[in-house]
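These are the residues of each chain, in order.
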Amino acid sequence: MVTRYAVITDAAIALVAEQGMRGLTHRAVDARAALPTGTTSAYYRTRKALIEALVQRLADLDAADLAAGSLPSDDVPAYAPELGEADLDGIAAATGALLDRWLTDGRSRALARYACVLEATHHPELRDILGHGTASRVQARAMLAAAGSADPDRAGDHFVACVDGLLFDRLAGAGALTAPPPGTPDSRADLTTAVRALLHALTAHPSRNQR
């Protein structure tokens, strides 16, 4: 059953993706969700509360995507010790497929996510929304520790930052002009190649770097 929380926040995500943060108002969400005027403000009295709910919805949907694929979610405690090259290749393929999904079916969510992060840079009271990115960094650190990185904490943070940059480049940067069309096998293969190279570089095993 679709909850009122999901109806309101999904409408908010769609508005932000289409119009940016300036388009996010309680009245606009009501109209987009086909709800009686005043419904959104009854659930989220302030704009900050509405943004926080929107960000939580983004985090929930991202976690569901991770759980549906072969990437670990918050429910998976850790990687098995001694990840090998084949394991890293599998992780690269899963990450490439996930990024491609965020460029197609999840495009509105990705756009809304970046808009919220930019909003937080201008409004200190919203900075706590950045904490939703902590889980992915914890997971990446565990993965790179299992893969033998000499500095898994730093490497994990770098992995998340680089993957996020790759998504942004394909979504809104110059990469959108030169990369294969999203939603195609070529797109998934190209994204996988980029992530694989990143993983092998961060694990710093000579045998992997000489591929």
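Residues numbered from 1 in each chain as written. Predicted model: local features only at pLDDT ≥ 70, side-chain atom pairs only at ≥ 80, totals over all residues. Heavy atoms only, no water.

In terms of helices and strands, the protein carries 11 helices and 0 strands. When its helices and strands are written in sequence order, the protein yields α-α-α-α-α-α-α-α-α-α-α. Here the protein holds 211 residues, and the buried ones make up 41% of them. Once local pairs closer than 6 in sequence are excluded, the contacts in the protein between residues at least 24 apart make up 67%. (Helix = DSSP H or I, 4+ residues; strand = E, 2+ residues; numbered from the N terminus. Buried < 20%, exposed > 50% of the residue type's maximum accessible area, 1.4 Å probe, protein only. Contact = heavy atoms within 4.5 Å.)

This part takes up the environment of A28. Along the chain, A28 falls in helix α2 (residues 26–32). C-alpha separation for the pair A28 and L15, spaced 13 residues apart in sequence, amounts to 7.9 Å. When residues no more than four places from it in sequence are discounted, the contact partners of A28 are L15 and G23.

Moving on, we get to the side chain of T40. Tracing the backbone through its elements, the reader meets T40 in helix α3 (residues 39–43). With near-sequence residues (within four places) excluded, T40 lies in contact with I8, H26, V29, D30 and L50.

The subject of this paragraph is helix α1 (residues 4–19). With 16 residues, α1 extends 22 Å between its outermost C-alpha atoms, agreeing within 8% with the 22 Å of an ideal straight helix rising 1.5 Å per residue. Two residues or fewer past α1, G20 is found with a positive phi of approximately 80°. (Expected span 1.5 Å × (residues − 1).)

This next bit is on the packing of helix α6 (residues 107–122) against helix α8 (residues 152–172). Where α6 contacts α8, the axes come no closer than 11 Å and their chain directions differ by 110°. When the axes of α6 and α8 are compared, the pair comes out roughly perpendicular. The handedness of the crossing between α6 and α8 comes out as left-handed. Contacts from R107, A110, L111, R113 and Y114 in α6 reach D164, L167, F168 and L171 in α8. Tallied by class, residues from the contact of α6 with α8 come to 6 nonpolar, no polar and 3 charged. (Axes fitted to C-alpha atoms, helices over the stretch in contact; angles between N-to-C directions. Parallel < 35°, antiparallel > 145°, perpendicular 65-115°, else oblique. Left-handed = near helix turned anticlockwise from the far one by under 90°. Nonpolar A, V, L, I, M, F, W, Y, C, P; charged D, E, K, R; others polar.)

It is worth spelling out the pattern of salt bridges at this point. A full pass over the atoms with the stated rule returns 12 salt bridges. Between D151 and R154 there is a salt bridge; the shortest N-O distance is 3.8 Å. R154 sits in the exposed class, given a relative accessible area of 54%. Between D190 and R170 there is a salt bridge, and its shortest N-O distance comes to 2.7 Å. Remark: R170 occurs in helix α8 and D190 occurs in helix α10 (residues 185–203); sequence separation between them is 20 residues. (Salt bridge = Lys/Arg side-chain N within 4 Å of Asp/Glu carboxyl O.)

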